[in-house]
Amino acid sequence: MVTKEEDCLPPVTETTSRCYSTSSSTPLAELETVRSLEIVESSSSLSPVWLLVIFCIINLLNYMDRGAIASNGVNGSTRSCNDKGKCTLATGIQGHFNLSNFEDGVLSSSFMVGLLIASPIFASLAKSFNPFRLIGVGLTVWTIAVLGCGSSFAFWFIVLCRMFVGVGEASFISLAAPFIDDNAPQEQKAAWLGLFYMCIPSGVALGYVYGGYVGKHFSWRYAFWGEAVLMAPFAVLGFLMKPLQLKGFPSSDSIKTVRSIEVMSPSVGSETLKNNNRLQVDNEIEHDQFEVSIETSKSSYANAVFKSFTGFAKDMKVLYKEKVFVVNVLGYVSYNFVIGAYSYWGPKAGYNIYKMKNADMIFGAVTIICGIVGTLSGGFILDRVTATIPNAFKLLSGATFLGAVFCFTAFTLKSLYGFIALFALGELLVFATQAPVNYVCLHCVKPSLRPLSMAISTVAIHIFGDVPSSPLVGIVQDHINSWRKTTLILTSILFLAAAIWFIGKINLNSFYSNDESFLVQIKLFVANLCFCKGYS
C-alpha cells in the first residue's frame, strides 16, 4: 500500500533551528530578521475551518462563472426575425459579436483547452514551488482573464481570455482538494470533500441567476467584471498570508532561504574577518552580492521548473501503474459521460418525451437540489461508515447502481409526475458519488502525487467523458429518432460505471499483490536498521 511519505520528511521547525543556529556563519542581524519574519508569518495562518470556507467560496465563484457564461443574459442570442417580420434584438455575447452556434460553442471549448492543458502542469510544479502560492498565481490569472472577457473587443480576444480562465482555474482544481484533505479532521475528511464539491451544482445554478439578472438589467460585460471583483481579494490572499504546505512536499520557502544565506554568508564572513566590523561593507561588494543572489535565484528557479517537467513522465508512469487509481478513473469517466449528456440534452429530451412546458426549470431545479443534497450526503455517509478506499468503492458501486435503476425506470414511465419522482431519487443517489470518488483519488497514491492524481482525473473525465458524450448522444438520436430510447441507452452506461467500481472493490487486495516483495524488503530493511541500532 501507499507509505506515508510525510513521515520521512524532517519537521520544518527542526530544519530552521539547524540552519540558523548560533554556531553558523550567518550574521546575527540576518538571523533575527528571519526569525521575526517567521513569527509574523505564523500569526497569519488560517484555521482549517476558515481554509475550507475560503476554498468553498473560490470553488463557488469558479462554477458561477461557468453558469454565468451559459445563461441567456450573458450568452444571449443573435438578431432573428419570424415569418411575420417581427424581429428580436441581438443580446449577450452571441449577439454582440454576431456569432454562429459553432462559434458560440468554441467559447466553452477554449475554456476546456486551457483547463486540461494547465492542470497537470500546475500539479508538476507543486513539487518545486509552494502549492499554496501556485493557487495564488492561478487565481490572479483567472481574475485578469475574466476582466479581459468583460473588456473584449473581438471574438478571438474573448476566446483567448476564456482559455486563460481555464488555465487559472486549473491550479485550484489540482491543488485545493489535497489541502482540504490535509486539514480536515480524520473522522470528517469525506464530509469536508462533500462540502467542497457541493459548490459545483450550487455555483452553476447561482451563475444562471447571476448572469441572467446582470445581463438583463446592465450588460453581459458587467457580469464578468463583477466576478473579477469578487475573486480579486482571494487572489491577493494567496500571496499575502503564510503559505500552507502540503503533506509529502518539502518546504520550498525554507529551501530558498537556505540557498540565499549559503550564497551570501561566505562573502559576508570574509569581509567581517577583514574589517572586524559587520556594519562597514563597501557598496561595490554589496552590489556584487546582490547580483550573485539574483543570478543564483534565476538559476534555481530554472532548475526547479526543469526538474518539474522532467519528473512529470516518471510520476505519470507511477500513476499509470496504480491500479486502484486507473479503475477509479475509468468508473468516473463512465459516470461523467452520462452526467454531461444529461445536463446538455436532459431538458430537450424531457420536453419531447413528456411535453414539459418548463423543461429547463424542472430539470434545473431537480439537478440543483439533488446535486447539493446528494453530494453532501455521500460525504457524510462515507465518514459514518469510516472513510476508507474499500468503503468508498462500496458506496460508489452501490449508489451508482441504485441511481441507474431509478433513472432507467423513470424514462420508461409515461406519467410525468412518476418520471420526476424517480428521476429525482436517481440523481440524488448518483450525486452521492462525488465525495467518495475524489477521496479514492486522493488516498490511492502517495501524498506527493495527490495533485497530479486530481489533475489527471480531471483531464480524463472531460476528454473521455462529458466532452464527447453530447455529440455522440446527438448522433444516436439522429439515427434512432426516439428520445425515450436514446435516454435509456445513455442511462445504461451508469450500470457500466457501477460495475467498474464494484470490480475495484472485489479486486482491491489483488491490486497490491505485486507489491508484496517490495513490502517484505521494507520490513527487512527496518528490522536490520533496528538490529544495527541495538549494537551501536
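I will try to describe carefully the structure that is included in this document. This one's a predicted model, so the numbers in the text were calculated from it and none came from an experiment.

A closer look at the overall build of the protein chain
Part 1: Looking only at helices and strands, the protein chain features 21 helices and 2 strands.
Part 2: Evaluated residue by residue, the protein chain yields a buried proportion of 46% over its 536 residues.
Part 3: A total accessible area of about 27100 Å² is found for the protein chain, and carbon and sulfur atoms account for 65% of it.

Side note on the nonpolar core
Part 1: Phe 55, Ile 93, Tyr 335 and Phe 423 are the most contacted members of the largest nonpolar core, which totals 123 residues.
Part 2: Per-element tally for this core: the top contributor is helix α13 (residues 323-354), with 15 residues.
Part 3: Residues lining this core come from more than one domain, with at least three contributed by each of domain 1 (47-80 + 88-245) and domain 2 (316-531).
Part 4: Excluding anything up to four places from it in sequence, Phe 423 contacts Tyr 342, Phe 363, Val 366, Cys 407, Ala 410 and Phe 411.

Here we look at the pattern of salt bridges
Part 1: Under the defined criterion, the tally for this structure stands at 5 salt bridges.
Part 2: With a shortest N-O distance of 2.9 Å, Asp 65 and Arg 162 are connected by a salt bridge. With a gap of 97 residues between them, Asp 65 in helix α3 (residues 48-70) and Arg 162 in helix α8 (residues 155-183) connect regions that are remote in the sequence.
Part 3: Close ionic contact of Lys 127 with Asp 315 constitutes a salt bridge, the shortest N to O distance being 2.9 Å. Residue Lys 127 is located in the loop between α6 (101-125) and α7 (131-150), and its partner Asp 315 is located in helix α12 (residues 283-321); the two are separated by 188 residues in the primary sequence.
Part 4: The class for Lys 127 is partly exposed, based on a relative accessible area of 35%.
Part 5: Via salt bridges that share partners, Asp 181, Asp 182 and Arg 450 belong to a single interconnected network.

Thoughts on helix α10 (residues 220-240)
Residues separated by three or four positions in an α-helix point in the same direction, a consequence of the helix having 3.6 residues per turn.
Part 1: A rise of 1.5 Å per residue sets the reference length of α10, with its 21 residues, at 30 Å; its end C-alpha atoms lie 32 Å apart and thus fit the reference within 8%.
Part 2: Along α10, the residues that are buried comprise Trp 220, Arg 221, Ala 223, Phe 224, Glu 227, Ala 228, Met 231, Phe 234, Ala 235 and Gly 238.

Conventions and cut-offs
- Residues numbered from 1 in each chain as written.
- Predicted model: local features only at pLDDT ≥ 70, side-chain atom pairs only at ≥ 80, totals over all residues.
- Heavy atoms only, no water.
- Helix = DSSP H or I, 4+ residues; strand = E, 2+ residues; numbered from the N terminus.
- Buried < 20%, exposed > 50% of the residue type's maximum accessible area, 1.4 Å probe, protein only.
- Areas by Shrake-Rupley, 256 points an atom, 1.4 Å probe, with all protein chains shown as cover.
- Core = buried A, V, L, I, M, F, W, Y, C linked by side-chain atoms within 4.5 Å.
- Domains from an automatic or database assignment.
- Contact = heavy atoms within 4.5 Å.
- Salt bridge = Lys/Arg side-chain N within 4 Å of Asp/Glu carboxyl O.
- Expected span 1.5 Å × (residues − 1).

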